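Here's the letter readout for the chains.
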Amino acid sequence: MEDLPAKQENLDDPPNSRLFAVTSRSLTEEQLRESFAVFGDVQGVWVVKDKQTKESKGISYVKFSKSSQACTAMEEMHGKVLVEGTKPIKVFIAQSRSSNRHRDVEDEELTRIFVMIPKTFSEEDLKDTFKEYGDIEYCVIIKNKFTGESKGLGYVRYYKPSQAAFAIENCDKSYRAILAEPRSKANVTEEYSGGAPRGDYSGGGGGGGGGEEEEEEGGVQDSTNQYAFPMAPEPVNYQQIDYRSGDFTRCLMVSTRAALTQEQIFALFDLIPGMEYCELQRDAYGLSKGHALIRYSNLGSAVYAKDKLNGFEFPPGNRLGVSYVDDGEDRSSPVGRMAMQFVATQMMSSAWNGPSNNQQGMKPPPPSYPPVSNMQRIQTDVSLPPLKKLFPPDTKAKERLFVVFSPSPLPHDVLEDVFCRFGSLIEVHLVPLRKVGYMKYADKQCADDALAALHGRIVNGVKLKVMLADPPREESHKRPRTY
DNA sequence: CGACGGGACGC
DNA sequence: CGACGGGACGC
């Protein structure tokens with residue numbers, strides 16, 4: 001594209017982050033950029049021109065850094081008249097460059113996600129988990145037809161592509177959310193054959209199968225594009241900042257299906273101190289498009305506002321979706337990092353055990369205490385330390401314990417309750433249909449403590465053998481390891 | 001004794 | 001109708 005510096009840019013990365021626009025031939029790259037920049041980080045704009053005459057062919061491409069930005073821009077800009085007297089523009093997600101299809105990419109292909117979920121999840125649980133990213137048309141869990149038991153896989157259909165993109169980008173990585181393939185039975189997956197790098201539909205933006213978005217050589221040094229800088233991937237072995245993979249910013253976007261007024265949205269977000277900008281997005285007729293942009297003077301307010309208002313019902317029955325919007329700030333500075341760390345630490349307390357949207361109260365975040373709910377659930381001959389918080393699921397494990405249960409395995413939640421108490425527990429993994437499990441710890445000493453305290457002990461009538469786990473089997477070549 | 005990171009929908 | 005250019009990392 002016109003302002004992309006010399007770097008590898010043949011693939012659409014992340015997938016579905018590039019727009020294809022049909023416009024008046026008079027529309028310039030500058031006009032396009034100006035119109036689309038409000039929706040996110042525009043990495044490039046390119047108006048296709050005739051080789052000889054150099055005249056525009058009325059076709060353009062706009063590359064965003066995120067699929068959600070591209071989708072939002074598409075939803076907002078499709079059908080708009082950018083210059084008085086010219087035809088309304090058409091905007092679609094661009095076909096991947098490797099694709100030969102000439103059909104438009106339809107919303108149908110962009111609004112349904114495919115996720116991996118605990119087998120215990122009901123469709124209600126699924127909906128509750130993913131409603132924070134947008135209005136859900138329906139949720140389905142894939143079940144065994146005979147036994148009715150969940151296969152641990154589900155589909156979530158949103159109304160808008162941007163909502164699906166937000167879900168993929170921001171939901172917990174453990175859900176492995178990707179765009180669902182359309183329902184057609186002929187599943188032509190020739191993209192996986194050979195060594196084809198990254199098919200456009202194989203991953204979804206950053207959340208799915210692709211692993212972390214680590215910085216790539218070349219992309220970071222580009223001083224003409226300050227937005228291209230992802231959060232510095234520091235090796236943090238505790239309390240990972242970015243537990244939901246979205247960057248924190250001072251800017252928020254709220255989406256609503258019900259028509260809200262500027263005043264209503266202002267009043268709502270003004271409940272959190274520090275709001276310095278609030279604007280409802282309107283169409284050419286001054287009608288609300290169901291989106292508003294809000295900016296706070298500081299990161300903490302924005303994070304808190306997102307935490308509290310995302311999924312908030314206003315008016316009752318209408319759930320608001322609140323997401324971060326890239327504000328182009330340099331978050332690589334030490335100060336910025338510290339601010340985020342601080343804020344993230346405060347958020348952790350509400351983030352651990354389930355959704356954090358408590359509908360009551362706009363008070364500042366309370367200090368974090370471990371959950372104290374189920375006191376008498378554990379019967380054991382061990383004197384257990386108090387509960388401690390889990391570490392984020394994507395924390396690097398420094399030690400794993402291998403646990404054998406006799407005569408039968410303990411439930412997942414009981415194990416979490418017991419094994420978290422020595423600190424730094426990342427996750428409990430029970431091997432299906434077996435009487436063994438793994439406990440991932442971020443800190444070796446914590447794991448050793450747990451081993452020492454629990455080996456040979458009896459919990460709820462189940463005897464535990466606890467030992468250090470053998471190193472994991474070699475990863476498949478499907479997915480590069482993040483660490 | 002007891003070993004593990006995976007993915008698809010009855011229209 | 002409306003689908004893909006220009007330029008070339010360099011330690």
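Residues numbered from 1 in each chain as written. Chains lettered and ligands numbered in written order. Predicted model: local features only at pLDDT ≥ 70, side-chain atom pairs only at ≥ 80, totals over all residues. Heavy atoms only, no water.

- Under the annotation held in an unreviewed UniProt entry, chain A carries the name RRM domain-containing protein and is attributed to Pagothenia borchgrevinki.

Some remarks on the overall build of chain A
1) Next: Within chain A, the secondary structure is distributed over nine helices and 17 strands.
2) Next: The buried share of chain A, reckoned over its 483 residues, is 46%.
3) Next: A fraction of 68% describes how many contacts in chain A between residues 6 or more apart in sequence connect residues 24 or more apart.
4) Next: Accessible surface, chain A as shown: approximately 25400 Å² in total, 54% of it carbon and sulfur. (Helix = DSSP H or I, 4+ residues; strand = E, 2+ residues; numbered from the N terminus. Buried < 20%, exposed > 50% of the residue type's maximum accessible area, 1.4 Å probe, protein only. Contact = heavy atoms within 4.5 Å. Areas by Shrake-Rupley, 256 points an atom, 1.4 Å probe, with all protein chains shown as cover.)

Remarks on the pairing of strand β3 (residues 56-64)
1) Next: In terms of burial, β3 is a largely internal element, seven of the nine residues being buried.
2) Next: The sheet contact formed by strand β1 (residues 18-22) and β3 spans five bridges and is antiparallel. Note on β3: the bridge partner recorded for R18 is K63.
3) Next: Direction of pairing for strand β2 (residues 42-49) relative to β3: antiparallel, over a ladder of seven bridges. Each residue of the ladder has a partner; that of V45, found in β3, is V62.
4) Next: Where β2 folds back on β3, the antiparallel hairpin that results is connected by six residues, among which K54 adopts a positive phi of roughly 65 degrees. (Pairing = 2+ DSSP bridges.)

Things to note about the sheet that holds strand β5 (residues 112-116)
1) Next: Pairing is antiparallel across the open sheet formed by four strands, whose spatial order is β6-β7-β5-β8. At either margin of the open sheet sits one strand with a lone partner, and together these are β6 (136-143) and β8 (178-179).
2) Next: Bridging between β5 and strand β7 (residues 150-158) involves five bridges; their strand directions are antiparallel. Paired with M116 across the two strands is L153, which belongs to β7.
3) Next: This element, helix α3 (residues 123-130), spans β5, β6 and β7 of the sheet and lies at about 135 degrees to β6. (Axes fitted to C-alpha atoms, helices over the stretch in contact; angles between N-to-C directions.)

Re the protein's contact with DNA strand B
1) Next: In the vicinity of DNA strand B there are 31 residues, among which F114, K145, Y155, Y438 and K465 approach most closely.
2) Next: Each atom of DNA strand B within 4 Å of the protein was classed as base or backbone; sugar and phosphate made up 30%.
3) Next: Measuring from a base oxygen of DNA strand B, one finds a side-chain N or O atom of R183 at 2.9 Å.
4) Next: E427 places a polar side-chain atom, nitrogen or oxygen, 3.4 Å from a base oxygen of DNA strand B. (Near = heavy atom within 4 Å. Polar contact = N/O pair within 3.5 Å; in protein donor to acceptor, adjacent residues only side chain to side chain.)

Notes on the pattern of salt bridges
1) Next: Tallied over the entire structure, the rule returns 15 salt bridges.
2) Next: Of the charged contacts, one joins E276 and R295 as a salt bridge, the two residues approaching to 2.7 Å between their closest N and O atoms. Of this pair, E276 sits in strand β10 (residues 275-282) while R295 sits in strand β11 (residues 288-296), placing them 19 residues apart in sequence.
3) Next: By relative accessible area, which is 29% here, R295 ends up partly exposed.
4) Next: Residues K440 and E427 are paired through a salt bridge, measuring 3.6 Å at the closest nitrogen-oxygen approach. Residue K440 is located in strand β15 (residues 436-441), and its partner E427 is located in strand β14 (residues 425-430); the two are separated by 13 residues in the primary sequence.
5) Next: Judged by relative accessible area, which is 31%, E427 ranks as partly exposed.
6) Next: Via salt bridges that share partners, R101, R103 and E109 belong to a single interconnected network. (Salt bridge = Lys/Arg side-chain N within 4 Å of Asp/Glu carboxyl O.)

Concerning a positive patch on the surface
1) Next: Together, R25, K51, K54, K57, K87 and K90 make up a positively charged patch on the protein surface.
2) Next: The topology assignment puts K54 in the loop between β2 and β3.
3) Next: The class for K54 is exposed, based on a relative accessible area of 61%. (Patch = residues over 30% accessible without salt bridge, like charges linked within 9 Å, V, L, I, M, F, W, Y side chains within 5 Å. Lys, Arg positive; Asp, Glu negative; His and termini not counted. Charge placed at Lys NZ, Arg CZ, Asp CG, Glu CD.)

Some remarks on the packing of aromatic side chains
1) Next: Using the criterion set out here, one finds eight aromatic pairs in the structure.
2) Next: Ring centres of W46 and Y61 lie 5.4 Å apart, and the angle between their planes is 25 degrees; on these two criteria the pair is classed as stacked. Linking W46 in strand β2 with Y61 in strand β3, this pair joins segments that are 15 residues apart in sequence.
3) Next: Of the residues examined, W46 reaches a relative accessible area of 31% and is grouped as partly exposed.
4) Next: Taken together through their ring pairs, the aromatic side chains of F20, W46, Y61 and F92 make up a single cluster. (Phe/Tyr/Trp six-rings, centres within 6.5 Å; stacked < 30°, edge-to-face > 60°.)

Examining the nonpolar core
1) Next: Judged by nonpolar contacts, the single largest core of 45 residues is most densely connected at L19, F36, F64, I113, L126, F130 and Y158.
2) Next: If we skip the residues at most four places from it in the chain, F130 touches I113, V115, I136, V156, Y158, A167, C171 and Y175.
3) Next: Residues L401, F419, L425 and A450 belong to the second largest nonpolar core, which totals 27 residues. (Core = buried A, V, L, I, M, F, W, Y, C linked by side-chain atoms within 4.5 Å.)

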